[in-house]
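So you can see what is in the structure, the chains are spelled out below.
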Amino acid sequence: MKKTLGETALGFQHVLAMYAGAVLVPLIVGEALGLTAEQLTYLVAIDILLCGVATILQIVSNRFFGIGLPVVLGCTFTAVGPMIAIGGQYGISAIYGAILVSGVFVVLISGFFGSLVRFFPPVVTGTVVTIIGITLIPVAINNMGGGQGASNFGSLVNIGLSFGTLLFIVFMYRFSTGFLRAISILVGLIVGTVAAAFFGKVDVSPIADASYFHMVEPFYFGAPTFEWPAILTMILVAMVSLVESTGVYFALGDITKKKIAEKDLAKGYRAEGLAIVLGGIFNSFPYTAFSQNVGLIQMSGVKSRKIILIAGIMLITLGFVPKIAAVTTIIPPSVLGGAMIAMFGMVIAQGIKMLSTIITDSQENSMIIACAVGIGLGVTVVPELFVQLPSSVQILTSNGIVAGSVTAIVLNILFNMLPSKKRKHAAAVVKESAINQG
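Residues numbered from 1 in each chain as written. Predicted model: local features only at pLDDT ≥ 70, side-chain atom pairs only at ≥ 80, totals over all residues. Heavy atoms only, no water.

Colleague: Would you mind showing me how to read a nonpolar patch on the surface here?
Modeller: A surface patch of nonpolar side chains, about 540 Å² in accessible area, is lined by Val157, Ile190, Val194, Phe198 and Phe199. When residues in the nonpolar patch are grouped by element, the largest group, three residues, is from helix 9 (residues 184-198). Mapping Val194 onto the fold places it in helix 9. (Patch = residues over 30% accessible without salt bridge, like charges linked within 9 Å, V, L, I, M, F, W, Y side chains within 5 Å. Areas by Shrake-Rupley, 256 points an atom, 1.4 Å probe, with all protein chains shown as cover. Salt bridge = Lys/Arg side-chain N within 4 Å of Asp/Glu carboxyl O. Helix = DSSP H or I, 4+ residues; strand = E, 2+ residues; numbered from the N terminus.)

Colleague: Help me understand the environment of Thr246 in this model?
Modeller: Take Thr246: it is sitting in helix 11 (residues 228-256). Accessibility expressed as a relative area gives 11% for Thr246, which makes it buried. Distance in space between the C-alpha atoms of Thr246 and Thr380 is 29 Å, their sequence separation being 134 residues. With residues near it in sequence (within four places) discarded, Thr246 still touches Leu265 and Tyr269. Engagement of the side chain of Thr246 in a polar contact is seen with the side chain of Tyr269, the distance being 2.8 Å. (Buried < 20%, exposed > 50% of the residue type's maximum accessible area, 1.4 Å probe, protein only. Contact = heavy atoms within 4.5 Å. Polar contact = N/O pair within 3.5 Å; in protein donor to acceptor, adjacent residues only side chain to side chain.)

Colleague: For this particular structure, what's the right way to read the nonpolar core?
Modeller: Buried together is how nonpolar side chains tend to be arranged in soluble globular proteins. Core analysis: the biggest nonpolar cluster contains 118 residues, and Ile28, Phe77, Val80, Ile185, Tyr287 and Phe344 have the highest contact counts within it. When residues in this core are grouped by element, the largest group, 15 residues, is from helix 11. If we ignore the near neighbours within four places in the chain, the residues touching Val80 are Val25, Ile28, Val29, Leu136 and Phe344. (Core = buried A, V, L, I, M, F, W, Y, C linked by side-chain atoms within 4.5 Å.)

Colleague: Before we go on, may I ask you to explain the packing of helix 2 (residues 37-59) against helix 14 (residues 305-319) in this structure?
Modeller: Geometrically, a packed helix pair is captured by the angle between its two axes and the distance between the axes. Packing of helix 2 against helix 14 brings their axes to within 7 Å, and their N-to-C directions diverge by 155 degrees. Put simply, helix 2 runs roughly antiparallel to helix 14. The interaxial crossing formed by helix 2 with helix 14 has left-handed handedness. Every residue of helix 14 that contacts helix 2 at Ala45, Ile48, Leu49, Cys51, Gly52, Val53, Thr55, Ile56 and Ile59 is listed here: Arg305, Ile308, Leu309, Gly312, Ile313, Leu315, Ile316, Leu318 and Gly319. Each residue belonging to the contact of helix 2 with helix 14 can be placed in one class, and the counts come to 13 nonpolar, four polar and one charged. (Axes fitted to C-alpha atoms, helices over the stretch in contact; angles between N-to-C directions. Parallel < 35°, antiparallel > 145°, perpendicular 65-115°, else oblique. Left-handed = near helix turned anticlockwise from the far one by under 90°. Nonpolar A, V, L, I, M, F, W, Y, C, P; charged D, E, K, R; others polar.)

Colleague: Hey, could you run me through the side chain of Ser176 in this one?
Modeller: By secondary structure assignment, the location of Ser176 is in the loop between helix 7 (156-175) and helix 8 (178-182). A distance of 2.3 Å separates the side chain of Ser176 from the backbone oxygen of Met172, its partner in a polar contact.

Colleague: So what exactly am I meant to see when it comes to the packing of aromatic side chains here?
Modeller: Aromatic ring pairs are reported here in terms of the distance separating the ring centres and the angle at which the planes meet. This model, assessed by the stated rule, comprises eight aromatic pairs. Here Tyr42 and Phe221 contribute two aromatic rings whose centre-to-centre distance is 6.3 Å and whose plane-to-plane angle is 80 degrees, an arrangement assigned as edge-to-face. Residue Tyr42 is located in helix 2, and its partner Phe221 is located in the loop between helix 10 (205-209) and helix 11; the two are separated by 179 residues in the primary sequence. There is no split in this pair, since Tyr42 and Phe221 are both buried. Here the aromatic rings of Tyr249 and Tyr269 are separated by 6.2 Å at their centres, their planes lie at 40 degrees, and the arrangement is tilted. Taken as a pair, Tyr249 in helix 11 and Tyr269 in helix 12 (residues 262-281) lie far apart in primary sequence, 20 residues in all. Look at Tyr249 and you get buried, because its relative accessible area is 0%. (Phe/Tyr/Trp six-rings, centres within 6.5 Å; stacked < 30°, edge-to-face > 60°.)

Colleague: Please clarify how the packing of helix 2 against helix 15 (residues 322-329) should be interpreted in this entry.
Modeller: Contact geometry for helix 2 and helix 15: axes closest at 8 Å, N-to-C directions at 115 degrees. Put simply, helix 2 runs roughly perpendicular to helix 15. In terms of crossing hand, the pair formed by helix 2 and helix 15 is right-handed. Touching Leu40, Thr41, Val44 and Ala45 of helix 2 are Pro322, Ala325, Ala326, Thr328 and Thr329, all from helix 15.

Colleague: It is not clear to me how the state of the cysteines should be interpreted in this structure. Could you clarify?
Modeller: Disulfide: a covalent bond formed between the sulfur atoms of two cysteine residues. Taken as a whole, this structure holds zero disulfides when the rule is applied. With no disulfide partner, Cys75 has as its closest neighbouring cysteine sulfur the one in Cys51, 4.9 Å distant. What makes Cys75 buried here is its relative accessible area of 0%. (Disulfide = S-S within 2.5 Å.)

Here it is, written out as structure tokens:
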């Protein structure tokens, strides 16, 4: 009995560690797309449920899918900016069409993605993550003011709540350690919402209106539609997520003393692809391995897959209860905006961290980053720049994240993968010297 209670507590700890990240994505995307309270509740509930399903797909290893490590999957923050951009331009149905295709793409390439990783070194993935983080900041700022188009946008109450929430998160992050620090965003959202209630900014009616149980519904937001720019964007997001997940797999392999073979990676990628396909069918999100839970495993020293299975079952159970999902939807936009600054800033910081180890390696890397970030940010700010180009070319230029990512990939091939005349000459000199010495 004690053992069961202990395992349940450890599983719940993993749920808490990833919960803020899991619910923030649907809240941010839903708010940006103007979903109703009922639709937002569904989006949060189905996301939590599929986080559990995606996690179980990974830990229950078989010959086709699942890496068999204590890995927790959640919706990737890398997809937030692209989903908002796609939804704003093509509608919500195009988001799920793109997610579906990207999931199928991941399943198809899972067997040989290892050989494609060389096209996504840190200079490319770090640049992509940085661009995505930068393009998300305007969403956060709009929410800090009370939400785009709000009648009281920029009011002192909204500004006070947003900065108060942000400061609380910063101080908690500074003066707490371990698990408490890991859930500082979640605690900040709770404290900010309680403070907002004193100003009459919290509407609890969505909780009262939500049911205690619901069945999942495929294509809740309607039949998916397929737009090439949207599909290409989500495929790029999926590729970056796979690269990030690869790092998580190897970190967990090191912690659990399990050697990760190529076939293990393929099964892990395939499980993620299946999770992404489910996200497209049930109108949720793309899924990726969560690194925050790796930190928790390292901190607790508990490496059992059974604990992660318990966490997955908990997430599925929570996903069937819209009442619980509705609790998160009452967070006011200004409070959410304050937390977003910290979350999106961390995305940018993660991108910079990935780049910091390689930017000084060569001037070529500096040029790749400079051009890719410049193009990505420029197209985001002035999307009409390439409006005169043929529609086939606009697939690559209509979205800042795609334009910046493609720029980084092409320049990396040009500078770091194609052998230059100088390198050939240097190799020839070394070879000639070796022959002479021989």
